[in-house]
Amino acid sequence: MTRKIIIDTDPGQDDAVAILLALASPDDIDVLGITAVAGNVPLPLTSKNARIVCELAGRTDVPVYAGCDAPLSRKLVTAEHVHGKTGLDGPVLPDPTMPLAPGHAVDFIIDTLRNQDPGSVTLCPLGPLTNIARALQQAPDIAGRVQEIVLMGGAYFEVGNITPAAEFNIYVDPEAAEIVFKSGIKLTVMPLDVTHRALVTPHRNDAFRALGHGVGHAVAEMTDFFERFDKEKYGSEGAPLHDPCVIAYLLRPDIFHGRFINVEIETGSDLTLGMTVADWWRVSGRTPNATFMNDVDADAFFDLLTERLARL
Ligand code: RIB
Ligand code: CA
């Protein structure tokens, strides 16, 4: 039974690997479309990069839509310092020839959820949650039609990566995150607490390179570029592959572990703006609303990723 999904994304090297993993798994995942959002780099680049990745995977059949170019109510914050000026620095990849699909990403999300059977489509946000929140604002009826949201974002024990308190995707648009976390939609969250356990060690990156084809080389070169920021900052032995955790969860939920708890978003304090306040010890009495992951079997994760990338 293939799972129908929409990937909402701000590529970003790790987004690119997540998209490749999904497109390499057509027997398990039916990517109905990819919606680009401003995040790591501005929208013109994220919507271009998403198409570059589809072409790299030989999947120009997948429609790519451009979405929101700024957060709901704040100035865009980008992360070129991590992802490079293009957002996909590392490999030299050709400009896309496939055009953007006509129409706005938010309308595509709404129309798809209204046209597909209720509860049959999973949303997979890999960047700031602006498109998803905008869709929920514009069409509140779709909340009851979403099968599940599996997103990369947030942090608790691992604390923030863009401020001391906040993870980038949530920090860029905390008001959007608040709408999503309060939507009542089934929510599975891949925070830094779990993604920082999925590190691309040199050995694992060599396995990508050893795939010996364009995709393997491109992923290894993306990682070579992307990892320098995290290795320098954390002294870690490789880059955390944040976004692919979302797609890997769809394929192998059993390799992830977490807790169903209450998670709320800080939107008022400048000091902790965008913090995901995860009630891990259930002390608040607030209603649980999200499965918040904090562990993954990293070897199983990379075996899955490498095996699937080999198929492209
Ligand atoms: O904090 C990590 C997240 O921010 C990842 O999704 C990465 O692509 C960036 O968007
Ligand atoms: Ca991302």
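Everything discussed here concerns the structure shown above.
This text gives an overview of the structure that appears in the document.

Basis of the calculations
Per chain, residues are indexed from 1 in the order of the written sequence. For naming, the first written chain is A and the first written ligand is 1, with later ones following in the order written. Residue-level local features of this predicted model are given only where pLDDT is at least 70; pairs of side-chain atoms are given and counted only at 80 or more, and the full residue set underlies all totals for whole chains, interfaces and linings. To obtain the side-chain values, all non-hydrogen atoms of the structure were used and water was disregarded. Secondary structure elements follow DSSP: runs of H or I of four or more residues count as helices, runs of E of two or more count as strands, with numbering from the N terminus. Only protein chains enter the calculation, and the probe is 1.4 Å; a residue is then buried if its accessible area is under 20% of its type maximum, exposed if over 50%, and partly exposed in between. Nitrogen and oxygen atoms within 3.5 Å of one another constitute a polar contact, given that in protein one can donate a hydrogen and the other can accept it, and given that sequence-neighbouring residues count only through two side-chain atoms. For this analysis, residues touch if any pair of their heavy atoms sits within 4.5 Å. For Na, K and Ca the donor cutoff is 3.2 Å, while for all other metals N, O and S atoms must lie within 2.8 Å; water is not among the atoms, so some sites may look incomplete. Within this scheme, the nonpolar core is defined by two criteria: the residues are buried Ala, Val, Leu, Ile, Met, Phe, Trp, Tyr or Cys, and they are joined through side-chain atoms within 4.5 Å. Paired strands are those between which DSSP finds at least two bridges. Regarding the arc, it is the one traced by the directions from the helix axis to the C-beta atoms. Put simply, two rings from Phe, Tyr or Trp (the six-membered ring, in Trp's case) pair if the centres are within 6.5 Å, and we call them stacked under 30 degrees between planes, edge-to-face over 60, tilted for the rest. A ring is scored as having a charge over it whenever the NZ atom of a lysine or the CZ atom of an arginine sits within 6 Å of its centre and within 35 degrees of its normal.

**Let's talk about the side chain of H242**
- Secondary-structure assignment places H242 in the loop between β8 (239-240) and α11 (244-251).
- By relative accessible area, which is 9% here, H242 ends up buried.
- A distance of 2.8 Å separates the side chain of H242 from the side chain of T195, its partner in a polar contact.
- Each residue touching H242, except ones within four places of it in the same chain, is listed here: D14, M152, L192, T195, H196 and F226.

**Notes on the coordination of the calcium ion (ligand 2)**
- Binding of the calcium ion (ligand 2) to the protein goes through D10 (OD), D15 (OD), D15 (OD), L126 (O) and D243 (OD), at separations of 2.3 to 2.5 Å.
- Mapped onto the polypeptide sequence, the residues donating to the calcium ion (ligand 2) form the spacing pattern D-x4-D-x110-L-x116-D. No difference in accessibility class separates D10 from D15, as the two residues are buried.

**Thoughts on the nonpolar core**
- Among the nonpolar cores identified, the biggest contains 56 residues, and I247, F256 and F301 are the most heavily contacted of them.
- With eight residues, helix α1 (residues 13-23) is the largest single contributor of residues to this core.
- Those residues within four positions of F256 in sequence are excluded, and the remaining contacts are M190, V194, C245, A248, Y249, M293, D295, V296 and F301.
- In terms of nonpolar packing, the next biggest core, distinct from the first, is built from 39 residues, I6, I110, A135 and V189 among them.

**Concerning the pairing of strand β12 (residues 290-296)**
- Pairing between strand β6 (residues 187-190) and β12: two bridges, direction parallel. Bridging across to β12, V189 finds its partner in F292.
- Bridging between strand β9 (residues 256-261) and β12 involves six bridges; their strand directions are antiparallel. If you follow H257 over to β12, its bridge partner there is D295.

**Quick notes on unusual backbone geometry**
- In this model, P11 is joined to G12 through a cis peptide bond whose omega is -20°.
- Phi is positive for R282, which is not a glycine, with a value near 50°.
- Mapping R282 onto the fold places it in the loop between β11 (276-278) and β12.

**Quick notes on helix α9 (residues 202-209)**
- Where α9 is concerned, the buried positions are R204, N205 and F208. Looking down the long axis of α9, one finds its buried residues gathered within 100° of arc, a one-sided arrangement. α9 presents P202 and H203 as exposed residues on the side facing more than 90 degrees away from its buried surface.
- For α9, the secondary structure elements touched by its buried residues are β7 (199-200), α10 (214-234) and α12 (298-309).

**Quick look at the packing of aromatic side chains**
- Under the defined criterion, the tally for this structure stands at seven aromatic pairs.
- A ring pair is formed by Y156 and F157, whose centres lie 5.0 Å apart and whose planes are at 75°; its orientation type is edge-to-face.
- Accessibility expressed as a relative area gives 28% for Y156, which makes it partly exposed.
- With relative accessibility at 45%, the residue F157 sits in the partly exposed group.
- A centroid spacing of 6.3 Å and a plane angle of 40° characterise the contact between F208 and F302, whose relative ring orientation is tilted. Here the residue F208 occupies a position in helix α9, and F302 occupies one in helix α12, the gap between them amounting to 94 residues.
- Classification of F208 by relative accessible area gives buried; the value is 0%.
- Among the residues examined, F302 registers a relative accessible area of 3% and is labelled buried.
- Clustering of aromatic rings is evident, with ring pairs tying together Y156, F157, W280 and W281.
- The aromatic ring of F225 is capped on one face by R228, whose charged end is 4.1 Å from the ring centroid.

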